[in-house]
Amino acid sequence: LFTWGKNCHGMLGMPNYYNQTILIPTEIVFQDDIVVREISLGTMHTLFITSTGKIYSCGNSLEGCLGIPNIKDKLKLPKQIEDHVFYKTLIDDIR
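Residues numbered from 1 in each chain as written. Predicted model: local features only at pLDDT ≥ 70, side-chain atom pairs only at ≥ 80, totals over all residues. Heavy atoms only, no water.

J.: Describe the nonpolar core, listing the residues and the values that go with them.
T.: One finds Leu-12, Met-14, Ile-22, Ile-28, Phe-30, Phe-48, Tyr-56 and Cys-58 forming the largest nonpolar core, which totals 8 residues. Counting residues in hydrophobic clusters, the runner-up holds 6 residues, among them Ile-49, Ile-55, Leu-66 and Leu-75. (Core = buried A, V, L, I, M, F, W, Y, C linked by side-chain atoms within 4.5 Å. Buried < 20%, exposed > 50% of the residue type's maximum accessible area, 1.4 Å probe, protein only.)

Dropping the structure here:
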């Protein structure tokens with residue numbers, strides 16, 4: 001998975017490039033060889049859905065949009081949403 005653009009809120013999932021503009025496609029490295037199947041982009045955050053149905057998020061947690069309790073500001077590295085079963089059901093219902 002490659003991303004580029006403005007990373008002012010950490011929404012690109014690359015903490016080494018936080019608050020920078022990335023002009024060339026740069027690979028996001030997930031731990032444990034995670035395979036990302038889908039992404040959903042917000043203005044200040046990103047959600048990643050893996051091949052196993054797990055959901056990761058990063059960026060600005062304004063009003064809880066990352067789905068991770070106790071993150072009150074920005075998350076620069078994608079983190080798994082622990083209650084992913086609820087969110088997967090919600091996403092499936094939307095489709």
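J.: Describe the pairing of strand 5 (residues 55–60), with residues and values.
T.: With 6 of its 6 residues buried, strand 5 lies for the most part within the structure. Sheet topology places strand 4 (residues 45–50) next to strand 5; 5 bridges connect them, and they run antiparallel. By the bridge assignment for strand 5, Leu-47 is matched with Ser-57. Two successive antiparallel strands, strand 4 and strand 5, enclose a turn made up of 4 residues, where Gly-53 displays a positive phi of approximately 90°. The sheet contact formed by strand 5 and strand 6 (residues 74–80) spans 4 bridges and is antiparallel. In the sheet register, Ser-57 faces strand 6, and the bridge partner there is Lys-79. (Helix = DSSP H or I, 4+ residues; strand = E, 2+ residues; numbered from the N terminus. Pairing = 2+ DSSP bridges.)

J.: Just give me the short version of the environment of Thr-26, but keep the residues and values in it.
T.: With respect to the secondary-structure elements, Thr-26 resides in strand 2 (residues 21–27). With sequence-adjacent residues up to four places away left out, Thr-26 is seen in contact with Leu-1, Phe-2, Thr-3, Met-14 and Tyr-17. In terms of polar contacts, Thr-26 uses its side chain to reach the backbone carbonyl oxygen of Ile-24, at 3.0 Å. (Contact = heavy atoms within 4.5 Å. Polar contact = N/O pair within 3.5 Å; in protein donor to acceptor, adjacent residues only side chain to side chain.)

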